[in-house]
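Residue-level structural notes
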Amino acid sequence: MSNRILEILKKYSFLILILTLVSSCNEEVKIDFTEQNIESSEVTEISINLPVAEGTNEIADRINKTINKYSVNQMNLGEDILTNISIDDAVARFNYEFESFKKDFPDAAQKWEAFIDGEVTYRSPQVISIAINSYLDTGGAHGNTNVRFFNFNPQTGKLLTKKDLISNSEGLSKAIEIHLKEKIEATSKNQPAEDLFFGKGFQLPESIGYSDEGIIILYNPYEIASYAQGIIEFRIPFEEVSSFLTVN
């Protein structure tokens, strides 16, 4: 009799396990975005606007940690500062560093500036694309501007690399190179397209973004040409490059 009861209990336990797994697999992943806004001009000039993921906790946390870590790092607070501190703590440290600098160099008139602006540029079942534009000026010859795209798997929150996004690197490179040369020739009369990569062959940008119109190709000043060239940005329609991409 006891063996019969054990067999029944095992069957029910197995059934409950299967139902639990099915339920967890069918659980709908929900991710939405709000904004975090910080404005300050009392000590330094700071303006920070970043998307904040909300919804399925594990996925939202993964996305937010990636954005937070990058944004803190863009404020150039030094190697001794942990990049997992909050944005508010990073702002407080940025102001503290400037006040310490002013004590050492009281004649320095210029306020430090940190501007960080992020936006969700594209969402699909395969990818969430976020662009973050940052500008930092701590008194050098000129401030530094940088734009980076972050592409996340909406089901996991994992940050997708270029290898994850691209299925045919050679084909995509050729398509981008054609558009890049057209962009340069249309905007610069003095610099041949061949000189864009400091004597090296064609290079893909550090990151690639997505928009409703297609992929966003953007080269930061340090990636291409000289600082005077500025940021080079253009879009390529999906129909031209979808066969080279794993994620659309």
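Every value quoted in this text rests on a predicted model; they were computed, and no experiment measured them. (Residues numbered from 1 in each chain as written. Predicted model: local features only at pLDDT ≥ 70, side-chain atom pairs only at ≥ 80, totals over all residues. Heavy atoms only, no water.)

1. Notes on the environment of Asp-61
- Of note, Asp-61 is situated in helix α2 (residues 57-74).
- For Asp-61, a relative accessible area of 42% corresponds to the partly exposed category. (Helix = DSSP H or I, 4+ residues; strand = E, 2+ residues; numbered from the N terminus. Buried < 20%, exposed > 50% of the residue type's maximum accessible area, 1.4 Å probe, protein only.)

2. Quick word on the sheet that holds strand β8 (residues 232-236)
- Here we have three strands laid out as an open sheet, ordered β6-β7-β8, and antiparallel in their pairing. The strands lining the two open edges of the sheet, one partner per strand, are β6 (208-211) and β8. Ignoring strand direction, the axes of neighbouring strands in this sheet form an average angle of 25°.
- When β6 meets strand β7 (residues 214-219), the two strands line up antiparallel, connected through four bridges. Bridge pairing in β7 links Ser-211 to Gly-214.
- Across the sheet, helix α5 (residues 169-187) touches β6, β7 and β8, and the angle it forms with β8 is around 125°. (Pairing = 2+ DSSP bridges. Axes fitted to C-alpha atoms, helices over the stretch in contact; angles between N-to-C directions. Contact = heavy atoms within 4.5 Å.)

3. Observations regarding the confidence of the model for the protein chain
- Confidence along the protein chain averages 86 in pLDDT terms, with 82% of residues attaining 70 or more.
- Taken as a whole, residues 20-26 scores under 50 in pLDDT and shows zero contacts with residues more than four places along the chain or in a different chain. (pLDDT = per-residue confidence, 0-100.)

4. Considerations on the packing of aromatic side chains
- For the structure shown, the criterion picks out nine aromatic pairs.
- A centroid spacing of 6.0 Å and a plane angle of 15° characterise the contact between Phe-115 and Tyr-135, whose relative ring orientation is stacked. Here Phe-115 is found in strand β3 (residues 113-123), whereas its partner Tyr-135 is found in strand β4 (residues 128-137), with 20 residues between them in sequence.
- Ring pairing ties together the aromatic residues Phe-94, Phe-98, Phe-101, Phe-105 and Trp-112, which thus form one cluster. (Phe/Tyr/Trp six-rings, centres within 6.5 Å; stacked < 30°, edge-to-face > 60°.)

5. Let's talk about unusual backbone geometry
- Even without being a glycine, Asn-76 presents a positive backbone phi close to 55°.
- For Asn-76, the position within the fold is in the loop between α2 and α3 (87-104).

6. Regarding a negative patch on the surface
- There is a patch of like negative charges on the surface, built from Glu-182, Glu-185, Glu-239 and Glu-240.
- Those elements giving two or more residues to the negative patch turn out to be α5 and α6 (238-241).
- Here Glu-240 lies in helix α6. (Patch = residues over 30% accessible without salt bridge, like charges linked within 9 Å, V, L, I, M, F, W, Y side chains within 5 Å. Areas by Shrake-Rupley, 256 points an atom, 1.4 Å probe, with all protein chains shown as cover. Salt bridge = Lys/Arg side-chain N within 4 Å of Asp/Glu carboxyl O. Lys, Arg positive; Asp, Glu negative; His and termini not counted. Charge placed at Lys NZ, Arg CZ, Asp CG, Glu CD.)

7. Some details on the sheet that holds strand β2 (residues 45-55)
- Taken together, five strands build an open sheet; the order of strands is β1-β2-β3-β4-β5 and the sheet is mixed. Either end of the sheet is taken by a strand with one partner, and the two such strands are β1 (31-40) and β5 (144-152). For this sheet, the mean inter-axis angle between neighbouring strands, taken without regard to orientation, is 20°.
- Inspection of the sheet shows β3 paired to β4 by 10 bridges, in the antiparallel sense.

8. With respect to the pairing of β3
- As judged from the five bridges shared by β2 and β3, these two strands associate in the parallel manner. Across the sheet, Glu-45 pairs through a bridge with Glu-113, a residue of β3.
- Counting the residues between successive antiparallel strands, the hairpin from β3 to β4 contains four residues.

9. Section: the pattern of salt bridges
- Inspection of every chain in the model, using the stated rule, returns seven salt bridges.
- Between Glu-45 and Lys-111 there is a salt bridge; the shortest N-O distance is 3.6 Å. Residue Glu-45 is found in strand β2, and its partner Lys-111 is found in the loop between α3 and β3; the two are separated by 66 residues along the sequence.

10. Some thoughts on α5
- Between its first and last C-alpha atoms α5 spans 26 Å; for 19 residues at 1.5 Å apiece the expected length is 27 Å, and the two agree.
- Elements in contact with the buried residues of α5: β6, β7, β8 and α6.
- The N-terminus of α5 is capped by Asn-168, whose side-chain oxygen sits 3.3 Å from the backbone nitrogen of Glu-170. (Expected span 1.5 Å × (residues − 1). Polar contact = N/O pair within 3.5 Å; in protein donor to acceptor, adjacent residues only side chain to side chain.)

11. Section: the side chain of Ser-207
- Assignment of secondary structure puts Ser-207 in the loop between α5 and β6.
- A polar contact of 3.0 Å, which involves the side chain of Ser-207, links it to the backbone nitrogen of Phe-149.

12. A short note on the pairing of β1
- Relative to β2, β1 is paired through 10 bridges, and the arrangement is antiparallel. Among the inter-strand pairings, Gln-36 is bridged to a residue of β2, identified as Leu-50.

13. Quick word on the nonpolar core
- Grouped together as the largest cluster of nonpolar side chains are 28 residues, with contacts concentrated most on Ile-48, Ile-63, Met-75, Phe-94 and Ile-132.
- Elements with a minimum of two residues in this core: β1, β2, α2, α3, β3, β4 and β5.
- Leaving out residues up to four positions away in the same chain, Ile-48 has contacts with Gln-36, Asn-37, Ile-38, Met-75, Ile-87, Val-91 and Ile-116.
- Among the nonpolar cores identified, the runner-up in size contains 26 residues, and Val-127, Ile-166, Phe-238 and Phe-244 belong to it. (Core = buried A, V, L, I, M, F, W, Y, C linked by side-chain atoms within 4.5 Å.)

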